[in-house]
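Residue strings, one per chain:
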Amino acid sequence: MALVLCLPLLLALLGGPVSEGQAVPRDTSGTLDLGYLPAGNYETNVHVDSGPIEILFRVVRAFLFVVQPNPFPEDLIRKTAQGKFEYIKSDYQKVVHYELGFLILAGLGLLFAVLLPLVGLCFCMCRCCNNCGGEMHQRQKKNGDCRRRGFATSLLVISLIMSIGVFCAFAANQHLTMQIKGVQPLIKSNFKDLRALLTHTPEQIDYLVNQFDIPKNQALLDLDNIGPLLGGRVQDQLGKQVLPALDAVLTMAGAIRETRESLENVNASIEILREGTHRLSANLSGARENLRNTLNDAACSEAQAASTCSVIRNSLNQLSINANFSRLPPVTSQLAKVNDVLRIDLAHLVQKGYAAFNNTPKLVQNQTENIVADIKSILDSIGTNITDVIKALPIQKMINDFVLYLTQTETYIDTYFPLVEQYDFYRWLCCIIACCLLILILVFYYLGLLCGACGFNKHKTPTTRGCVSNTGGNFLMAGVGFSFLFSWALMSLVVSTFVLGGNVEKLVCEPFEDRTIFQVLDTPYLLNAQWKNYLPGALFKNADVNLTFKQVYSDCKENKGIYTSLQLDKFYNISRFLAINQYTEDLTFTFDSIKINLSTIVLLDEVGKENLLNFSFSGIDGIDFAAYLTEVNKSITKVDLLSFANELEARAEQLRKGALENALKGHASNIRMIHRQHVIPLEQEMSTLNQSIRLLQKTSSELMVKVSQVLATVESAQLLINNNASFIIIEETKKFMGMIIDYFEQYFQWVKDSITMDVAACKPLANIIDTAVEMFLCSYITDSMNAFWFGLGGATMFLVPAIILAVKLSKHYRRMDSEDVYDDVETLPMKNMENGNYGYHKDHLYGLHNPVMTSAMEQW
């Protein structure tokens, strides 16, 4: 029933079939946040919490397993359901084998119900004839007290066991009544969940429709920024070749400026070095003449100073210029040509090329304005189509019809549930009466034990027992009488509830718990001889679909969507309905019509190219770098002036103190000053000249080849932009289109996932089945019924030993009409004191006190 109820909702949730198309290029640029589908808040809790009585239920189930350990008879159930049960020996044997435990116990119960009243009738008739204990005479035995105590204790224990059984039966009966009273709120909770399912399903559909705005808005945002997005992608791809070309030209422009600086430095350095070496040569010549004049002094003719002066005189030729910069050729002509090249700002021309290339996104934006407008219009039409298709489904009508049916069902239950409660009251009353019958018997037994134990006096003879003790014996016999009177009714009730409740537990509850019962229901041609599978035949008039009760129940138990649970893809293919290609054909065609012209981008004009060629013809590669480097690598002077001055000063110190020594030291100081004032600046200028010459040498190395390569690179990049950029634009346009389409693919996939897993989650349908079978039938009714017959049956079975013990014990409590008389208390009974009395005395016949018995009892 629960599965059939969902049929209108299923038809409402799913639309007609649609066609699929081929896949489109996609480029996942990001994940859309489509939110979470609104889910219903279901209140029904199918968890069964029976409380402490659950222990009793488990004991009963264990007892039933002992009685019936056989597995679920799937074959017999199938044959019975299909009407193929053959009344032959083999089928009967299978039934008997399965029901053997129930048959044996039911047979014993019926035997008990029949025989015990008959035994009671015979017992009463026998006692009326003073037999079977009906004779009011008790023979005295040595172990009489021990027997009495044993009978009393045994009867008390059995009465307590019976009381426990009665208590269990009463508790089970009361538990069933309480659970029946709690069924109506549970039913209302299930109906509320169904209403929530019906209410939330249209909201979920509306949510799915409304979320189309998320991919649409994202696509519109990207289209508004098509320049930075598409143009930026095109620029990135072109930039792999264009930017290195422009960078090479910009590097060459920097090299031209550095060349001019180097040429200027060379000219300046040559001039400085020429003037510096001329002054240095004059100073060194003066220093030599002065030193020679000093060495010509008379002091140098002395023997002690002659050798020293001679050595100094021989070294004077070292004080001269070593490098000759006047022979180096000038670079004035090369500098003039480079200056002519630099009259055109090549770097500015390159920056114009950069600016033109960086304007690619704006070009794309301007050239695609009309196309973007068309694409936006297509997106609007896609949204309208999807909304119209989903809104066209007859959801609301189906929901209204189902709500009406649900309302009628709820009204029906509300109308007839009081009748159920009334019948449950009758059942409760019958069970209470049954319990009260046992309680009445137990009350007699307890009163008999109480009165007998309290009123018994061992010093009194059986004929002189007190009223309290005699009343206790009478209560015991009353209990025996009521036991015979009501035992058949109690056992009949136990047998009927045992057979019914036990088979329901074994044939319904246990198979439902392990879902074996669904395997039986899913048997082909079981419920309808014309349908291979009943469920799809009943729902969709197509019995060939492999849709089973077990699979539907399991999926609904996991709260999956009805689309998945009922395999509606076999009837309503949501993937075809949400195929992206049928919505993107116009979109693809429009994107394919995009034409972008980048030929207006000029990386380097002809003036810049001619400027580069002029630089290659500037003549810097014709400079005699070897001559320059040769002179630069020479020292300024033939000798290191500092070393010469130090050596001169050391030799002066070898002379005697005097004017010659002081004069030589003065010359050493003068040479140091010449080194400091002239040589050091010239060395610094030579270093500058060396750096400039080497830079020029590096720049001029294969200058023509370098310039040609730069120009070829620029030409290649320009050719790519003018002729081959269309291929890049087409590829990047496809990727951009794939990014736009990917938004809608994410949306469609999210819709498919939501419909298959979340929309109309059928947990309430599984809850209805669980409520009806697991909770109401099995937990509330069957468990309570089985616990009732278990407790009542156990108490009823103990009536037999209780009857025997009560009859035996009543002899010890009731007042007897006669008693045994003894001559010797320890040996033989006396002869009959009255003829015709069979060896015992009836004291009440004569109304006389028996002194012999009195004396004997006192001695005893």
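Criteria and cut-off values
- Residues numbered from 1 in each chain as written.
- Predicted model: local features only at pLDDT ≥ 70, side-chain atom pairs only at ≥ 80, totals over all residues.
- Heavy atoms only, no water.
- Helix = DSSP H or I, 4+ residues; strand = E, 2+ residues; numbered from the N terminus.
- Buried < 20%, exposed > 50% of the residue type's maximum accessible area, 1.4 Å probe, protein only.
- Contact = heavy atoms within 4.5 Å.
- Areas by Shrake-Rupley, 256 points an atom, 1.4 Å probe, with all protein chains shown as cover.
- Disulfide = S-S within 2.5 Å.
- Axes fitted to C-alpha atoms, helices over the stretch in contact; angles between N-to-C directions.
- Parallel < 35°, antiparallel > 145°, perpendicular 65-115°, else oblique.
- Left-handed = near helix turned anticlockwise from the far one by under 90°.
- Phe/Tyr/Trp six-rings, centres within 6.5 Å; stacked < 30°, edge-to-face > 60°.
- Arc of directions from axis to C-beta.
- Salt bridge = Lys/Arg side-chain N within 4 Å of Asp/Glu carboxyl O.
- Expected span 1.5 Å × (residues − 1).
- Bend = angle between axes of the 7 residues up to and from the residue.
- Polar contact = N/O pair within 3.5 Å; in protein donor to acceptor, adjacent residues only side chain to side chain.
- Core = buried A, V, L, I, M, F, W, Y, C linked by side-chain atoms within 4.5 Å.
- Patch = residues over 30% accessible without salt bridge, like charges linked within 9 Å, V, L, I, M, F, W, Y side chains within 5 Å.
- pLDDT = per-residue confidence, 0-100.

Novice: What is the right way to read the overall build of the protein from this model?
Specialist: When helices and strands are tallied, the protein shows 31 helices and 2 strands. In the protein, which comprises 860 residues, the share counted as buried stands at 47%. Residue pairs in contact within the protein that sit at least 24 positions apart in sequence constitute 88% of those at least 6 positions apart. Carbon together with sulfur atoms contributes 58% to the accessible area of the protein, which is approximately 42700 Å² in total.

Novice: Mind showing me how you'd approach the state of the cysteines here?
Specialist: Put plainly, two cysteines are in a disulfide when a covalent bond ties their sulfur atoms together. A full pass over the atoms with the stated rule returns 2 disulfides. Two residues, C509 and C778, share a disulfide whose sulfurs are 2.1 Å apart. Sign of the S-S torsion, about -105° for the bond between C509 and C778, identifies this disulfide as left-handed. You can see C509 sitting in helix α16 (residues 467-513) and its partner C778 sitting in helix α28 (residues 763-797), a full 269 residues away along the chain. Its relative accessible area of 7% is what places C509 among the buried residues. The buried category is assigned to C778, whose relative accessible area is 7%. Sulfur-sulfur distance for the disulfide between C556 and C762 comes to 2.2 Å. With the S-S dihedral at roughly -105°, the linkage between C556 and C762 falls on the left-handed side.

Novice: How should I be thinking about unusual backbone geometry in this particular structure?
Specialist: Apart from glycine, the bulk of residues carry a negative phi angle, and the bulk of peptide bonds sit in the trans form. Non-glycine residue R515 carries a positive phi angle of around 65°. The topology assignment puts R515 in the loop between α16 and α17 (516-521). For A760, which is not glycine, the phi torsion reads 55° and is therefore positive. In this fold, A760 is placed in the loop between α27 (703-757) and α28.

Novice: Could you clarify how one ought to interpret the side chain of E732 in this entry?
Specialist: Note on placement: E732 falls in helix α27. By relative accessible area, which is 5% here, E732 ends up buried. Apart from the residues lying within four places of it in its own chain, the contact partners of E732 are L230, R233, V234 and Q237.

Novice: Looking at this model, I keep getting lost on the packing of helix α9 (residues 226-295) against helix α13 (residues 360-367). Mind explaining?
Specialist: Helix-helix packing: each pair is described by the crossing angle between the helix axes and the interaxial distance. Between α9 and α13, whose axes approach to 7 Å, the crossing angle comes to 125°. The pairing of α9 with α13 is recorded here as oblique in orientation. The element α9 and its partner α13 pack so that their crossing is right-handed. On α13, the residues touching I226, G227, P228, L230, G231, G232, V234 and Q235 of α9 are T360, P361, V364 and Q365.

Novice: Help me understand the packing of aromatic side chains, please; the structure alone is not making it clear to me.
Specialist: The relation between two aromatic rings is expressed through the spacing of the ring centres and the mutual angle of the planes. Tallying each qualifying case throughout the model produces 23 aromatic pairs. Between Y747 and F748, the aromatic rings sit 5.6 Å apart at their centres with planes inclined by 50°, giving tilted as the arrangement. Across this residue pair, the class does not change: Y747 and F748 are buried.

Novice: In this structure, what is going on with helix α24 (residues 625-633)? I would like to understand it.
Specialist: An α-helix turns once per 3.6 residues; consequently, residues spaced three or four apart project the same way. Among the residues of α24, F625, Y628, L629, E631 and V632 are the ones counted as buried. What you see down the axis of α24 is that its buried residues fit within an arc of 165°, all on one side. Among the structural elements, α9 and α26 (659-700) are those in contact with the buried residues of α24.

Novice: Where do I start with the pattern of salt bridges in this structure?
Specialist: Oppositely charged side chains may form a pair once their charged atoms are brought near each other. Scanning all chains against the criterion turns up 18 salt bridges. For K609, the salt bridge is made with E606, and the minimal N-O distance between the two is 3.6 Å. Separated by 3 residues within a single helix, K609 and E606 lie in helix α23 (residues 606-616), roughly one turn from each other. A single network of salt bridges, built from pairs that share partners, joins E54, R58, R61 and D783.

Novice: Sorry, what's going on with α16 here?
Specialist: Over its 47 residues, α16 extends only 60 Å from the first C-alpha to the last, a length that falls short of the 69 Å expected when each residue adds 1.5 Å. Helix geometry: α16 is bent most strongly at F486, by close to 50°. Positioned one or two residues after α16, R515 has a phi angle of 65°, which is positive.

Novice: Just checking my understanding: could you explain the side chain of N503 for this structure?
Specialist: In this fold, N503 is placed in helix α16. A relative accessible area of 13% means that N503 is categorised as buried. Looking at N503, its side chain comes within polar contact range of the main-chain oxygen of V499, at 2.7 Å. For N503, the residues in contact, after removing those within four places along its chain, are E99, F102, F498 and V508.

Novice: Would you explain the nonpolar core in this entry?
Specialist: Considering soluble globular proteins, one finds that nonpolar side chains tend to be buried as a cluster. Counting 161 residues, the largest nonpolar core has L238 and L598 as its most contacted members. Setting aside residues no more than four positions away along its own chain, L598 makes contact with V234, L238, T360, L363, I721, A725 and I729. Among the nonpolar cores identified, the runner-up in size contains 53 residues, and V60, A169, V807 and L809 belong to it.

Novice: Before we go on, may I ask you to explain the environment of I623 in this structure?
Specialist: Its place among the elements puts I623 in the loop between α23 and α24. When the C-alpha positions of I623 and P329 are compared, they lie 8.3 Å apart, and in sequence the two are 294 residues distant. With near-sequence residues (within four places) excluded, I623 lies in contact with L263, V331, Q334, Y628 and L696.

Novice: Teacher, can you tell me more about a nonpolar patch on the surface here?
Specialist: On the surface, a cluster of nonpolar side chains totalling about 1000 Å² of accessible area is made up of F63, V96, L100, L103, I104, L105, L108, L111, V114, L115, L118 and V119. A per-element tally of the nonpolar patch places helix α5 (residues 89-128) first, with 11 residues. In this structure, F63 sits in helix α3 (residues 54-67).

Novice: Mind showing me how you'd approach the environment of I214 here?
Specialist: Mapping I214 onto the fold places it in helix α8 (residues 213-224). A relative accessible area of 27% places I214 in the partly exposed class. I214 sits 182 residues away from L32 along the chain, and the two C-alpha atoms are 7.7 Å apart. Excluding residues within four positions of it along the chain, I214 makes contact with D33 and L34.

Novice: It is not clear to me how the confidence of the model for the protein should be interpreted in this structure. Could you clarify?
Specialist: Close inspection of predicted coordinates is inappropriate in any region flagged by low pLDDT. Averaged over every residue, the pLDDT of the protein is 79; the share at 70 or more is 85%. This stretch, residues 823-860, has a pLDDT under 50; its non-local contacts, to residues over four places away or in other chains, come to 46 contacts.

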